Amino acid sequence: MAEITILVPVYNVEPYLRRCLDSILNQTFSDLEILCLDDGSTDQSGKILEEYAKKDSRIYVIHKENTGYGSTMNLGIRMAHGTYIGIVESDDVIEKEMYEVMYQAAEEHKADMVKTDFYKLWDHEDGTEWLEYTCLSENKNLYHRVIQPVKEIEAFFLEKFTWNTLYNREFLLKNQIQYQETPGASYQDNGFWFQTMYCAKRVFVLEQAFYKYKQDNPNSSFHSKQKAYAMKEEYDYIHAFLKKQQEKDKSFYQICFHFRLCGYLFTLERIADEVKMEFAKEIGKECEWYEKEKESCYQWLSEREREIIRQLKQSPEAYIEEWLKEREKIRESLNGFSHVIIYGAGKIGKALYWKLFSIREKERQVDFAVTTLKERKEYFYGHTIKELSDYVEERENCLVIIAVSRKTEAFTDMVRYAKKLGFKNRKMYDEIG
């Protein structure tokens, strides 16, 4: 029997699957059982899995009809034989020492779970990678010691992912921890994460990163009511779990409420316009209900998030109307330009990038530029940063947005330089919505 079973859920990931599987097979810890769960893929993913299974006897392929992420993962947990269970999403990549280091920590500390920091991964046009190290928490006191989350509430605010974790299989089975199986739903890792954190008595967190989390297209969105309400269904599932445990401490319901709201705000910005108003009203109603039940908590939200919730409770219609007006203002600012250059790649440039993508206009090309690179190679969310002079030939047809504070000397220098190069179409970052 293998010491570690790695679950690899697969659904139409043909472009990324080989790289993922190669990174698993390259592990320095070799006592592995690799369960590849093909959830009814319609591309070449199934054939790729069979090809790899023929080359390595540790790989087992399960082809099944498409029933969704939750039921697929539950099947994997039931079929696993390892002492421990790991999860690798099939478009992600792991470094070769990952499971050796996590296994040693799990054994040494008799852990129910071992969690690690991770990397965010972007692929560049030139075939290289850009990695952003992401800490699970800014609180270093949560690292390198055994913690029990129900006794240290702050542990619930570790980044809530499931794939950067090694689980003791008996711990999962003993506590009957499983995914919700709602067909076609999203966010089903949320419920699994909460159950593991609530039930675990020994969690060990390593201040190391091995897992490379491939970033999805930030332009993705949900267009059906079913997808829009997937977050609600998942946190209703967590709420029901707490009720089943006969939990009396309101703190855990408040944590559930907090992450419910975070998920709602994330979803509200991305769902299609035709369901946005209905969803906004639902958020306001739910806040009132949880306040009545004394399960609400707003202290962990940012000031901006609290203000949005206040507006949604007061008048969801007014909030959505204002949001749509703001989006139209952005679109009007960019009207007539299919190519936008963000000139400046600091905090303002980063915020502007996400603002432009929030309006979901796929046809608009967005690039990043600085004054000089001095022969360095730099990247920004997977985009290769170029010098502004590299775009001179396109200056008549592109819009340059100067993304630095007006109060700085750099702002004056950048405006002067853009003029010198002949970029007539210029706007300041604060003019874009």
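Residues numbered from 1 in each chain as written. Predicted model: local features only at pLDDT ≥ 70, side-chain atom pairs only at ≥ 80, totals over all residues. Heavy atoms only, no water.

Caption draft 1: Region of the structure containing the sheet that holds strand E12 (residues 365-370). Judged by pairing direction, the sheet is parallel, and its five strands sit side by side in the order E15-E12-E11-E16-E17 without closing on themselves. The open sheet has two edge strands, strand E15 (386-387) and strand E17 (426-428), and neither has a second partner. In this structure, E12 lies alongside E15, joined through two bridges in parallel fashion. What sits directly across from Ala369, in E15, is Lys386. (Pairing = 2+ DSSP bridges. Helix = DSSP H or I, 4+ residues; strand = E, 2+ residues; numbered from the N terminus.)

Caption draft 2: Seen up close, the side chain of Thr196. With respect to the helices and strands, Thr196 occurs in helix H6 (residues 188-199). If we skip the residues at most four places from it in the chain, Thr196 touches Met113, Tyr167, Phe171, Leu172 and Ile177. (Contact = heavy atoms within 4.5 Å.)

Caption draft 3: Structural detail: the environment of Ile153. Counting through the fold element by element, Ile153 comes out in the loop between strand E8 (146-147) and strand E9 (165-168). For Ile153, a relative accessible area of 26% gives the class partly exposed. Between the C-alpha atom of Ile153 and that of Gln178, which follows or precedes it by 25 residues, the distance is 22 Å. Those residues within four positions of Ile153 in sequence are excluded, and the remaining contacts are Phe252 and Ile255. (Buried < 20%, exposed > 50% of the residue type's maximum accessible area, 1.4 Å probe, protein only.)

Caption draft 4: A look at unusual backbone geometry. Even without glycine at this site, Gln176 takes up a positive phi of about 55°. Of note, Gln176 is situated in the loop between helix H5 (169-174) and H6. The exposed category is assigned to Gln176, whose relative accessible area is 62%. Of note, the phi angle at Gln246 is positive, near 55°, even though the residue is not glycine. Position of Gln246 relative to the elements: it lies in the loop between helix H8 (230-244) and helix H9 (250-270). Residue class for Gln246 comes out exposed when judged on its relative accessible area of 64%.

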